[in-house]
Protein chains: 2
Amino acid sequence: MKSIAIDMDEVIVDLMPKFHQAFEARTGRKVDLALLEGNKIYSLEGGEGLREAIYERGWFRDLPFIDGADATLAWLREHYEIYFVSAAMEFRNSLEDKYDWLHERLPWVHWRQIVFCGDKSIIGTDYMIDDHAHNLETFRGTPLLFDALHNRRETRFRRVTTWGEVREFFEAELSKDQSHVA
Amino acid sequence: MKSIAIDMDEVIVDLMPKFHQAFEARTGRKVDLALLEGNKIYSLEGGEGLREAIYERGWFRDLPFIDGADATLAWLREHYEIYFVSAAMEFRNSLEDKYDWLHERLPWVHWRQIVFCGDKSIIGTDYMIDDHAHNLETFRGTPLLFDALHNRRETRFRRVTTWGEVREFFEAELSKDQSHVA
């Protein structure tokens, strides 16, 4: 079985609703989505300091799935070794939250499938799905950029915009692998 | 710079004094070291259940260095990208302890250099130093087995018995790399 490193934040876990709520609570207005193309919400006017909250215990504990992630993950794990690889080490207080989130929301995840790191250049899986180009730049396997407003201007990597599209991509990969064997 | 994945438990962190104390407190006798060759202390008569303690918060927080580890690490980091790679994921309550231990005992460690995982087969560094053969078996770089009583019967990997010897090994590697360049 080939292996896939799957990022957590903004790939399987949706951080945006919580950030948008915080932005609205502070500024009294909705985020202009056009301004988020190529930017992070905390780099916008009014968003300064919003990133500090993610250093707090509990912040990562109650976030929703990105649409369709759970269904495609349930399919993927039948065909690939999947690893959840999060650059969590910048956030000491997120470690237990992320661990507990994975075990609660995806009860089939074994601890062997979890990786918390800082620099993803040491990850040696066959595929990597990530929303940050800097994680894919140093990757030696096949990279997939998971679409997010902040990475819209990135053109160097194959982009996947939904978890349905991720499933289609890997269905095609499996067909290729099987035709090589046959 | 080439990269090295360095295990924590029984490679840079000495677990044995704490285990021996617990064994003596329970049985009233010292561990027969001859019985530890090829075995873990919790597989000995009288040691049953000693492993359970390592699931408790705080257990990993106050452990000493393996002799000479800190001095050699300070030298290694000048010549290699070093990563601390611990199979910590079996022990949810160890995550913060291990993180805090690294930052306290090796204040120069950046969060980018820390990796907590389950299965080390996804680690793609150039070298790996580990006391467990099962971590080295699937490694694609150069493996070094760090000597421990429990692995004394293992013969498949280059064995290093002290951190002085680790330094000698990498001094020789650096000379080889430089002669290739020259």
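What counts and what doesn't
Position numbers for residues count from 1 along each chain, tracking the sequence in the order it is written. Whichever chain is written first is A, and whichever ligand is written first is 1; the rest continue in order. It should be noted that, the model being predicted, local features are given only for residues of pLDDT at least 70 and side-chain atom pairs only at 80 or more, the latter also being counted only at that level, while totals for whole chains, interfaces and linings use all residues. Note that the side-chain values use all heavy atoms of the structure and ignore hydrogens as well as water. Per the convention used, a helix needs a DSSP run of H or I reaching at least four residues, while a strand needs a run of E reaching at least two, with both numbered from the N terminus. Between two residues, a contact is recorded if the distance between any of their heavy atoms is within 4.5 Å. Here a salt bridge means any side-chain nitrogen of Lys or Arg lying within 4 Å of a carboxyl oxygen belonging to Asp or Glu. Residues below a pLDDT of 70 in either copy are left out; the C-alpha atoms of the rest, at least 70 in both, set the least-squares superposition of the copies. Each residue carries a pLDDT score, the predictor's own confidence in it, on a scale running from 0 to 100. To estimate the expected span of a helix, subtract one from its residue number and multiply by 1.5 Å. Burial here depends on accessible area, computed with a 1.4 Å probe over protein chains only, as a share of the maximum for the residue type. Under 20% is buried, over 50% is exposed, and the range in between is partly exposed. Along the arc lie the directions from the helix axis toward the C-beta atoms. For this analysis, a polar contact is any N or O atom pair within 3.5 Å, provided that within protein one partner can donate a hydrogen and the other can accept it, and provided that sequence-adjacent residues contribute only side-chain to side-chain pairs. Two parts placed together each lose some accessible area; with a 1.4 Å probe, that loss summed over both constitutes the buried area. Throughout this entry, Asp, Glu, Lys and Arg are counted as charged residues, while Ala, Val, Leu, Ile, Met, Phe, Trp, Tyr, Cys and Pro are counted as nonpolar. The remaining residues, Gly among them, count as polar. By convention a nonpolar core is built from buried Ala, Val, Leu, Ile, Met, Phe, Trp, Tyr and Cys residues, the set being connected through side-chain atoms within 4.5 Å. We call Phe, Tyr and Trp rings a pair once their centres come within 6.5 Å, taking the six-membered ring for Trp, and we label the pair stacked below 30 degrees between planes, edge-to-face above 60, and tilted otherwise. In our convention, an over-ring charge means Lys NZ or Arg CZ found within 6 Å of a ring centre and within 35 degrees of that ring's normal.

Draft legend 1. Highlighting the side chain of Gln-113 of chain B. In this structure, Gln-113 of chain B sits in the loop between α3 (95–105) and β3 (114–116). Excluding residues that lie within four positions of it along the chain, Gln-113 of chain B makes contacts with Ile-82, Tyr-83, Phe-84 and Trp-108 of chain B.

Draft legend 2. Structural context of the pattern of salt bridges. Residue and element names in this part refer to chain B. The full count for this structure, using the stated rule, is 38 salt bridges over all chains. The residue Arg-156 makes a salt bridge to Glu-137 at a minimum N-O spacing of 2.9 Å. Of the two residues, Arg-156 sits in the loop between β5 (142–146) and β6 (158–160) while Glu-137 sits in helix α4 (residues 133–137), which places them 19 residues apart along the sequence.

Draft legend 3. Focus on the relation of the copies chain B and chain A. You can overlay chain B on chain A at an RMSD of 0.0 Å; the transform is a turn of 180° with a shift of 0.0 Å along its axis. What we have between these two chains is a two-fold relation. Scanning chain B for the C-alpha nearest the rotation axis identifies Gly-124 of chain B, at a separation of 2.2 Å.

Draft legend 4. The arrangement of the confidence of the model for chain A in detail. With 99% of its residues at a pLDDT of at least 70, chain A reaches an overall mean of 95. Among the prediction metrics, the complex's ipTM stands at 0.94, with pTM recorded as 0.94.

Draft legend 5. Local environment of helix α5 (residues 163–181) of chain B. All names here are of chain B. When the terminal C-alpha atoms of α5 are compared, their 27 Å separation across 19 residues agrees well with the 27 Å that a helix rising 1.5 Å per residue should span. Here α5 has its buried residues at Trp-163, Val-166, Phe-169, Phe-170, Glu-173 and Leu-174. Looking straight down α5, one finds its buried side chains confined to an arc of 140°; they lie on one side. Those residues of α5 that are exposed and angled more than 90 degrees off the buried face are Glu-168, Gln-178 and Ser-179. Between a side-chain oxygen at the N-terminus of α5 and the backbone nitrogen of Gly-164 the separation is 3.3 Å; the capping residue is Thr-162.

Draft legend 6. Broad picture of the interface of chain B and chain A. Counting residues at the interface gives 23 residues for chain B, matched by 23 residues for chain A. Together chain B and chain A conceal approximately 2,400 Å² of surface at their shared face, both sides included; 58% is due to carbon and sulfur atoms. On the surface where chain B and chain A come into contact, there are six salt bridges. Arg-92 of chain B is paired through a salt bridge with Asp-100 of chain A; the nearest N and O atoms lie 2.5 Å apart. Counting across the interface, chain B meets chain A through 19 residue pairs in polar contact (both at pLDDT 80 or more). Looking at the side of chain B that touches chain A, the elements that each hand over two or more residues are α3 and β3 of chain B. If one sorts the elements of the side of chain B that touches chain A by residue count, α3 of chain B sits on top with four residues. Taken together, the residues of the side of chain B that touches chain A sort by class into 11 nonpolar, four polar and eight charged.

Draft legend 7. How the structure looks around unusual backbone geometry. All names here are of chain A. One non-glycine residue with positive phi stands out, namely Glu-10, at about 65°. Tracing the backbone through its elements, the reader meets Glu-10 in the loop between β1 (3–6) and α1 (16–27). Residue classification places Glu-10 among the buried residues on the basis of a relative accessible area of 11%.

Draft legend 8. Spatial organisation of the environment of Lys-120 of chain A. All names here are of chain A. Considering the arrangement of structural elements, one finds Lys-120 in the loop between β3 (114–116) and β4 (127–130). A sequence separation of 33 residues divides Lys-120 from Ala-87, and the C-alpha atoms of the two residues are 7.2 Å apart. Apart from the residues lying within four places of it in its own chain, the contact partners of Lys-120 are Asp-7, Val-85, Ser-86, Ala-87, Met-128, Asp-130 and Asn-135. Of the polar contacts made by the side chain of Lys-120, one reaches the side chain of Asp-7; its length is 3.0 Å.

Draft legend 9. Looking closely at the nonpolar core. Ile-12 and Trp-163 of chain A together with Ile-12 and Trp-163 of chain B are the most contacted members of the largest nonpolar core, which has 98 residues in total. Once residues lying within four places of it in the same chain are set aside, the contact partners of Trp-163 of chain A are Ile-6, Val-11, Ile-12, Ile-66, Asp-67, Gly-68, Ala-69, Thr-72, Leu-73, Leu-76, Ile-129 and Phe-146 of chain A. Core analysis: the second largest hydrophobic core is formed by 26 residues, Ala-5 and Val-85 of chain A together with Ile-122 and Phe-139 of chain B among them.

Draft legend 10. Seen up close, the packing of aromatic side chains. Tallying each qualifying case throughout the model produces 26 aromatic pairs over all chains. Ring geometry for Phe-65 of chain B against Trp-101 of chain B: centres 5.2 Å apart, planes inclined by 70°, an arrangement best described as edge-to-face. With a gap of 36 residues between them, Phe-65 of chain B in the loop between α1 (16–27) and α2 (69–76) and Trp-101 of chain B in helix α3 connect regions that are remote in the sequence. On the basis of an interplanar angle of 65° and a centroid distance of 5.0 Å, the ring pair of Tyr-80 of chain B and Phe-170 of chain B is categorised as edge-to-face. Here the residue Tyr-80 of chain B occupies a position in the loop between α2 and β2 (81–86), and Phe-170 of chain B occupies one in helix α5, the gap between them amounting to 90 residues. These aromatic residues form a ring-pair network of at least three members: Phe-19, Tyr-42, Tyr-55, Trp-59, Phe-60 and Phe-91 of chain A. Across the ring face of Phe-60 of chain B, the terminal group of Lys-98 of chain B is positioned such that the distance to the ring centre comes to 4.5 Å.

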